[in-house]
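An overview of the molecular structure
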Amino acid sequence: MFEIFGIPSQALFGQLLIGLINGSFYALLSLGLAVIFGMLNIINFAHGAQYMMGAFAAYLLLQYLGLNYWVALIIVPVLIGATGIVVERLFLQYVRKLDHVYGLILTFGLALMIEGFFRNYFGSSGEPYQVPNLLLGGQNLGFMYLPTYRAWVIVFSAIVCFATWFAIERTRLGSYLRAATENPALVRAFGINVPRMVMLTYGFGVALAALAGVMAAPIYNVSPQMGSDIIIVVFAVVVIGGMGSILGAILTGFALGIIEGLTKVFFPEASNTVIFVIMAIVLLVRPAGLFGRTA
Amino acid sequence: MAETPALLAVDTLQAWYGESHILHGVTFDVRAGEVVTLLGRNGVGKTTTLKSIMGMVDQRSGSVRLDGRETIRLSSDAIARAGIAICPEERGIFASLDVRENLLLPPQVRPGGLDLDRIFALFPNLRERLSSQGTKLSGGEQQMLAIARILRTGARLLLLDEPTEGLAPVIIQQIGRTIGALKAQGFTILLVEQNFQFAATIADRYYVMEHGRIVDQLSNAELKTNMGKLHDYLGV
Ligand SMILES: Nc1ncnc2c1ncn2[C@@H]1O[C@H](COP(=O)(O)OP(=O)(O)OP(=O)(O)O)[C@@H](O)[C@H]1O
Ligand SMILES: [Mg+2]
C-alpha cells in the first residue's frame, strides 16, 4: 500500500480499473454506433436495448438451455445480430434515406418497446449472472487487486475493437465499406451489392452491442434498463469522438471511461457529469467531435 | 451497309430524377469495338444518359439492351456484372481509400480484364502513387485512376463521362492515346465530350443531344462537311 496525491493506491487503481471497464463498454458500444451511422446514416437509438437483449439472451440461454458464457459469447451476437437484420429489412432500409430524425425516432420507439417488453416479463429488479468458472478469482498486484474477469473484459474488448478497426481500415472488404459510406451509388454501379452490405453492417453493429451485453452480464445486473442507463453516456462519447469515426469512437470510449474513473477519486461529486461537461466543451470548440471530419 | 450487331442498343429511353423528367426518349446504339461520342450543350442530358444506362437514376423506362439482353429492369450492380463500367464526370475517387484501394475497388465481373501490369503500362504515374490518398492526386492523375480502375473488371463496354474536363493539353493527349489503345485492345467505348476537337481524334461516330433527346448523328467521315451544323448544336 502506498499513496499518490494523498490517495491510497488501492482506491486510485480500483477506480482506474472501474473506469477502464466502463470504457471498454463505451468503446464497444460507440464503435457499433459509429459503424452503423457511417454506413446507414442512422442514429441507432435501439443500441442500448440491443445491448440489454444480449445480456438477457446470455442469461436465458444459461437458465433454460444450460448454455454457458463461452457459448453465449459466440451465439448471442449471431442471434441478436439476426434480429437487427430483420429490423433493417422491415424498417431501416426505407427510413435511412430520409432525414436523420426519422431513423432516430424509429429506433427510439423500438428501444422503448423492447425495454417495455423485457420489463413486463422480467420485472425491473435484475437477475444475477455468474462469472464463468475459468475467470473466477483474481490477482493481487501489490498496488491493487485485479479480478480476472475484469482483466478479461478489458483485454477482450480491446481485441474486438482493434479487429473491427483493422477489418474496416485495412482490408478489402473494409475498403468496400468505406467507399460505400462516401458514395454508395457509385460503389453499387461497380457491381457491389450495397443494400446487402448495408443490411449486414447493421447486423454487425447490433451484434457488437449484443457481445458487449454478454460481457456485461457478469459485471452489472442483467436488467431491462441496463441499456438505457449506459446508452446516454455512450451517445455523449460518440458526440465527443465524432460521429462516424471508427478510431475516434474506440479511443474516446476508453479515454472517457478512465476520465470518469479518475474523477470519482479526485472530485467524486462531478463523476456523473464529467462526460457531459466534456461533451459541452467539445461541442463548443470542435462541433464535429475530436476525430470527426466537418462535412 | 453490313453491320455488326449492336453491343449496346438504347431505345426510347426516358429517365427521371425524382419528379424531374430529364430524358424524353433517347435512341441510339453502339457496335462492338466502336468509340461513340455523345455531344451536346450543358444540361442536355448526356450524363443522365450514361447514368441511366448504368441504372443510376431514380426511375427509367424504355429499353437498354446489352448484347441483346434487356437490362432496363436490372439494378445497377447487376448491370455492372453484365459487363458495363462507368467513369463518372466527377471522377468519383474515394477520399477514404488510397490509390491502390481505389484501383482495386471495382470487383472483377467477368474474365478478360487488364491485369495491373498492363494498366501501369497505360498509366505509369499511378504505380508511384499507390499508397497516396486517392484525392491527393492531381486532377489528371485522378482521371487516370478513374479510368484505370474500370479496366480491371472485365467489362467490355466503358462509359466515359467528359474525361478531359478541366485538364491540361498534355494530359488530354495522354488520355486520347489511352482511349485509342483501349479501342485497339477491343474495348467498346461510349464517350461524353464537350471537347469536340478531342472527340474528333478518337471517335468513330457522334450523336448529338438536345433537351433529353438524340437529334442528330454523324460518322467521322461526315464530320468535315457538317462543321457549321455542329457548331450551331454546340453553341461554340
Ligand atoms: N441529381 C439530379 N437531380 C435533379 N436534376 C438533375 C440531377 N442531375 C442532373 N439534373 C438535371 O438534369 C438535366 C441534365 O443534366 P445532365 O447532367 O445529364 O446534363 P449534361 O448534358 O451531362 O450536362 P454537362 O455538359 O453540364 O455535364 C439538367 O437540367 C440538370 O439540371
Ligand atoms: Mg454531364
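Summary of the structure given here.

What follows concerns the overall build of chain B. Looking only at helices and strands, chain B has 9 helices and 10 strands in total. The C-alpha atoms of chain B give a radius of gyration of 17 Å, which matches the 18 Å a tight globule of 236 residues would have. Overall, chain B is about 45 × 40 × 40 Å in size when its C-alpha atoms are taken along their principal axes. The buried share of chain B, taken over its 236 residues, is 55%. Summed over its atoms, the accessible surface of chain B is roughly 9,900 Å², and 49% of this surface lies on carbon and sulfur atoms. Taken together, the 25 basic and 26 acidic charged side chains of chain B have centroids lying 4 Å from each other.

The next point concerns unusual backbone geometry. Residue and element names in this part refer to chain B. The phi torsion at Glu162 lies on the positive side, around 45 degrees, for a residue other than glycine. Looking at where Glu162 falls in the secondary structure, it is placed in the loop between strand E7 (157-161) and helix H7 (169-184). For His211, which is not glycine, the phi dihedral falls at a positive 45 degrees. Tracing the chain through its elements places His211 in the loop between strand E9 (205-210) and strand E10 (213-219). By relative accessible area, His211 is classed as exposed at 64%.

Moving on: the sheet that holds E10(B). Residues and elements named next belong to chain B. Ordered in space as E6-E7-E8-E3-E9-E10, the 6 strands form an open sheet in which the pairing is mixed. Of all the strands in the sheet, the pair left with one neighbour each is strand E6 (84-87) and E10. Between one strand axis and the next, the sheet turns through 20 degrees on average, direction left out of account. Lying on the sheet, helix H1 (residues 46-53) is in contact with strand E3 (35-39), E6, E7, strand E8 (188-192) and E9; it crosses E7 at an angle near 150 degrees. Where H7 meets the sheet, its contacts fall on E3, E7 and E8, and the angle it forms with E8 comes to roughly 150 degrees.

Turning our attention to the sheet that holds strand E1 (residues 6-17) of chain B. All names here are of chain B. The 4 strands are arranged E2-E1-E4-E5 in an open sheet whose pairing can be described as antiparallel. With partners counted over all chains shown, the strands left at the sheet margins are strand E2 (20-31) and strand E5 (69-70), one partner each. As defined by bridge partners, strand E4 (residues 59-66) adjoins E5 across 2 bridges and the pair is classed as antiparallel. Among the inter-strand pairings, Arg65 is bridged to a residue of E5, identified as Glu70.

This next bit is on empty space enclosed by the protein. To find leftover empty space, one rolls a probe the size of a water molecule over the atoms. Across all of its chains, the model carries 1 cavity of 30 Å³ or more by this definition. Approximately 50 Å³ is the volume attributed to the largest cavity.

Turning next to the coordination of the magnesium ion (ligand 2). All names here are of chain B. Within the protein, the atoms that donate to the magnesium ion (ligand 2) are Thr47 (OG1) and Glu89 (OE), at distances of 1.8 to 2.4 Å. Of the two residues, Thr47 is situated in helix H1 and Glu89 in the loop between E6 and helix H3 (99-104); the sequence distance between them amounts to 42 residues. On the basis of relative accessible area, Glu89 is assigned to the partly exposed category, the value being 26%.

Quick look at the layout of surface pockets now. All names here are of chain A. There is about 450 Å³ of room inside the second largest pocket. Arg96, Lys97, Ala185, Arg188 and Pro195 are the residues nearest the centre of the second largest pocket, which is lined by 16 residues in total. For the lining of the second largest pocket, the class distribution of residues is 7 nonpolar, 3 polar and 6 charged.

Moving on to the environment of Val160(A). Residue and element names in this part refer to chain A. The topology assignment puts Val160 in helix H5 (residues 148-170). Each C-alpha atom, one on Val160 and one on Ala212, is 10 Å from the other, the two residues being 52 residues apart in sequence. If near-sequence neighbours (up to four positions away) are discounted, Val160 is found in contact with Leu28, Leu208 and Leu211.

Moving on, we come to the pairing of E4(B). In regular strands, side chains alternate between the two faces of the sheet. Examined bridge by bridge, E1(B) and E4(B) share 7 bridges and lie antiparallel to one another. Paired with Leu8(B) across the two strands is Leu66(B), which belongs to E4(B).

Residue and element names in this part refer to chain A. Evaluated as defined, the whole model comprises 18 aromatic pairs over all chains. Seen from their ring centres, Phe45 and Phe235 are 4.6 Å apart, and the 20 degrees between their planes marks the pair as stacked. Remark: Phe235 occurs in helix H9 (residues 226-241) and Phe45 occurs in the loop between helix H1 (9-40) and helix H2 (47-65); sequence separation between them is 190 residues. With a relative accessible area of 12%, Phe235 lands in the buried category. Seen from their ring centres, Tyr69 and Trp70 are 5.1 Å apart, and the 90 degrees between their planes marks the pair as edge-to-face. By relative accessible area, which is 29% here, Trp70 ends up partly exposed.

Residue and element names in this part refer to chain B. Around ligand 1, 13 residues are found, and the nearest of them are Gly43, Lys46, Thr47, Thr48 and Gln194. Taking Gly45, its main chain carries an N or O atom lying 3.0 Å from an oxygen atom of ligand 1. Within the side chain of Thr47, one N or O atom sits 2.7 Å away from an oxygen atom of ligand 1. Alone, ligand 1 offers 630 Å² of accessible surface; in the complex the protein occludes 61% of this. Among the elements that line the shell around ligand 1, the one with the most residues is H1, at 3 residues.

A common way to report how large an interface is uses the accessible area buried once the components associate. Every contact between the two is made by 24 residues of chain B and, on the other side, 17 residues of chain A. Taking both sides of the interface into account, the surface hidden between chain B and chain A amounts to around 1,700 Å²; carbon and sulfur atoms contribute 61%. When residues of chain B are sorted by the area they lose upon contact with chain A, Asp77(B), Phe94(B) and Leu105(B) head the list and together hold 30% of the total. Our count for the contact surface shared by chain B and chain A stands at 2 salt bridges. At the junction of chain B and chain A, the tally comes to 7 residue pairs in polar contact (both at pLDDT 80 or more). Counting residues per element, the ones that place at least two in the side of chain B that touches chain A are helix H2 (76-82), H3 and helix H6 (139-151) of chain B. When residues in the side of chain B that touches chain A are grouped by element, the largest group, 4 residues, is from H2(B). Considering only residue class, the side of chain B that touches chain A consists of 15 nonpolar, 4 polar and 5 charged.

Parameters at a glance
Residues numbered from 1 in each chain as written. Chains lettered and ligands numbered in written order. Predicted model: local features only at pLDDT ≥ 70, side-chain atom pairs only at ≥ 80, totals over all residues. Heavy atoms only, no water. Helix = DSSP H or I, 4+ residues; strand = E, 2+ residues; numbered from the N terminus. Rg over C-alpha atoms; globule rule 2.2 N^0.38 Å. Buried < 20%, exposed > 50% of the residue type's maximum accessible area, 1.4 Å probe, protein only. Areas by Shrake-Rupley, 256 points an atom, 1.4 Å probe, with all protein chains shown as cover. Lys, Arg positive; Asp, Glu negative; His and termini not counted. Charge placed at Lys NZ, Arg CZ, Asp CG, Glu CD. Pairing = 2+ DSSP bridges. Axes fitted to C-alpha atoms, helices over the stretch in contact; angles between N-to-C directions. Contact = heavy atoms within 4.5 Å. 1 Å grid on protein atoms, 1.4 Å probe; cavity = no way out; pocket = protein on both sides within 12 Å on 5 of 7 lines; lining within 4 Å. Points joined across faces, edges and corners; volume = space filled by probe spheres on them. Donors = N, O, S within 2.8 Å, 3.2 Å for Na, K, Ca; no water. Nonpolar A, V, L, I, M, F, W, Y, C, P; charged D, E, K, R; others polar. Phe/Tyr/Trp six-rings, centres within 6.5 Å; stacked < 30°, edge-to-face > 60°. Near = heavy atom within 4 Å. Polar contact = N/O pair within 3.5 Å; in protein donor to acceptor, adjacent residues only side chain to side chain. Buried area = accessible area lost by both parts, 1.4 Å probe. Salt bridge = Lys/Arg side-chain N within 4 Å of Asp/Glu carboxyl O.

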